[in-house]
Amino acid sequence: MARRVWTEGEEQMLLTNLTNLVDEGVWEGNGNGWHPSYLAVLQNQMQASLPQAGIEQNHIATKIKAWKREYSSLAYMLHCSGFGWNANENRLVVEDEVWNDYVRDHPSVTRYRDKQFPNFIQWDHIFGRREN
């Protein structure tokens, strides 16, 4: 199966729908993750908004998994000494020495150095830890 390429509009629609699910309480917040029917709900919402896009549950699940992986990496770095966040540019702020030491142990994040993450605040709302 070919990898689905999402448009910016499709990604924004999915982010909006995910945020709405969190805000409506579909997110269980007790460590068990999403309600079992969330993929079907999201697929129906995406089809209603973008009927020609052909977005299926597996596409949604794959996109969410990729976002969560990026969010988790960023959130972990931001809890490490020497890392900060530039909200105006939506990117990490870190001195070269700290970055080089971190990348030595975590080479998979090399591409994050100067990358912008305009969805990070939304990801934090969706995937971040919640107090019960």
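Along each chain, numbering runs from 1 in the same order as the chain's sequence is written. With the structure being a predicted model, the display of local features is reserved for residues of pLDDT at least 70 and the display and counting of side-chain atom pairs for 80 or more, all residues being used for whole-chain, interface and lining totals. Side-chain descriptors were evaluated using all non-hydrogen atoms of the structure, hydrogens and water having been removed beforehand.

Just to check I follow, could you spell out the pairing of strand β2 (residues 91-94) for this structure?
Two strands pair when backbone bridges link them, and strand β1 (residues 83-86) and β2 are joined in this way by 4 bridges, in the antiparallel orientation. Of the residues in β2, the one forming a bridge with Trp85 is Leu92. Note: two strands are recorded as paired if DSSP finds a minimum of 2 bridges between them. Under the scheme used here, helices are H or I runs from DSSP no shorter than 4 residues and strands are E runs no shorter than 2 residues, and both carry numbers assigned from the N terminus. A loop of 4 residues connects β1 with β2, the two strands running antiparallel in sequence, and Asn90 in this loop sits at a positive phi of about 55 degrees.

Is there a simple way to think about the side chain of Glu10 in this case?
Relative to the elements of secondary structure, Glu10 occurs in helix α1 (residues 8-24). Look at Glu10 and you get buried, because its relative accessible area is 9%. Any pair of N or O atoms that falls within 3.5 Å is considered a polar contact. Within protein, one atom must be able to donate a hydrogen and the other to accept it, and sequence-neighbouring residues count only if both atoms are side-chain atoms. Side chain to side chain, Glu10 and Arg4 meet in a polar contact 2.8 Å long. Burial here depends on accessible area, computed with a 1.4 Å probe over protein chains only, as a share of the maximum for the residue type. Under 20% is buried, over 50% is exposed, and the range in between is partly exposed.

When you look at the packing of aromatic side chains in this model, what are you seeing that I'm missing?
Centre distance and the angle of the planes are the two values used to describe a pair of aromatic rings. Classification of ring pairs rests on two measures: the distance between centres of Phe, Tyr or Trp rings, Trp counted by its six-membered ring, which must be within 6.5 Å, and the angle between planes, read as stacked under 30 degrees, edge-to-face over 60 and tilted in between. Summed over all chains, the structure comprises 9 aromatic pairs. Seen in terms of ring centroids, Trp85 and Phe120 are 4.7 Å apart; in terms of plane orientation they differ by 35 degrees. Their pairing is tilted. Of this pair, Trp85 sits in strand β1 while Phe120 sits in helix α5 (residues 120-127); the two residues are 35 residues apart in sequence, bridging distant segments of the chain. When its relative accessible area of 23% is taken as the criterion, Trp85 is described as partly exposed. Put simply, the rings of Trp67, Tyr112, Phe117 and Trp123 touch in pairs and so form one group of aromatic residues. Charge-over-ring placement is defined geometrically: NZ (Lys) or CZ (Arg) within 6 Å of the ring centre, and within 35 degrees of the ring normal. Sitting over the ring of Trp6, Arg4 keeps its end group 5.2 Å from the ring centre.

Please clarify how the nonpolar core should be interpreted in this entry.
In summary, soluble globular proteins display a tendency toward joint burial of nonpolar side chains. Put simply, buried Ala, Val, Leu, Ile, Met, Phe, Trp, Tyr and Cys residues joined by side-chain atoms within 4.5 Å make one nonpolar core. Among the nonpolar cores identified, the biggest contains 32 residues, and Ile60, Met77, Trp99 and Trp123 are the most heavily contacted of them. Among the elements of the structure, α1, α2 (38-49), α3 (57-78), β2, α4 (96-105) and α5 are those that each provide at least two residues to this core. Residue contacts are defined here by distance: any two heavy atoms, one from each residue, within 4.5 Å place the two residues in contact. Excluding residues within four positions of it along the chain, Trp123 makes contact with Leu15, Trp67, Glu70, Tyr71, Leu74, Phe117 and Gly128.

For this particular structure, what's the right way to read the pattern of salt bridges?
The rule for a salt bridge is simple: a side-chain nitrogen of Lys or Arg has to be within 4 Å of a carboxyl oxygen of Asp or Glu. Summed over the entire model, instances satisfying the criterion amount to 7 salt bridges. A salt bridge links Asp101 to Arg104; its shortest N-O distance comes to 2.2 Å. With a gap of 3 residues between them, Asp101 and Arg104 both fall in helix α4, about one helical turn apart. Arg104 sits in the exposed class, given a relative accessible area of 58%.

Honestly, α5 in this entry has me stumped. Any pointers?
Each α-helix winds once per 3.6 residues, and so residues spaced three or four apart point in a common direction. When α5 is considered as a whole, its buried residues turn out to be Phe120, Trp123, Ile126 and Phe127. An end-on view of α5 places all buried positions within 120 degrees of arc, on one side of the element. Residues of α5 that are buried make contact with α1, α3 and β1. Our arc is simply the arc of the directions from the helix axis toward the C-beta atoms.

Would you take a moment to explain α4 for this structure?
Along α4, the residues classified as buried are Trp99, Tyr102 and Val103. Down the axis of α4, the smallest arc covering the buried residues is 100 degrees, so these residues share one side. Exposed side of α4, more than 90 degrees from the buried face: Glu97, Arg104 and Asp105 are the residues found there. As for α4, its buried residues are in contact with α3, β1 and β2.

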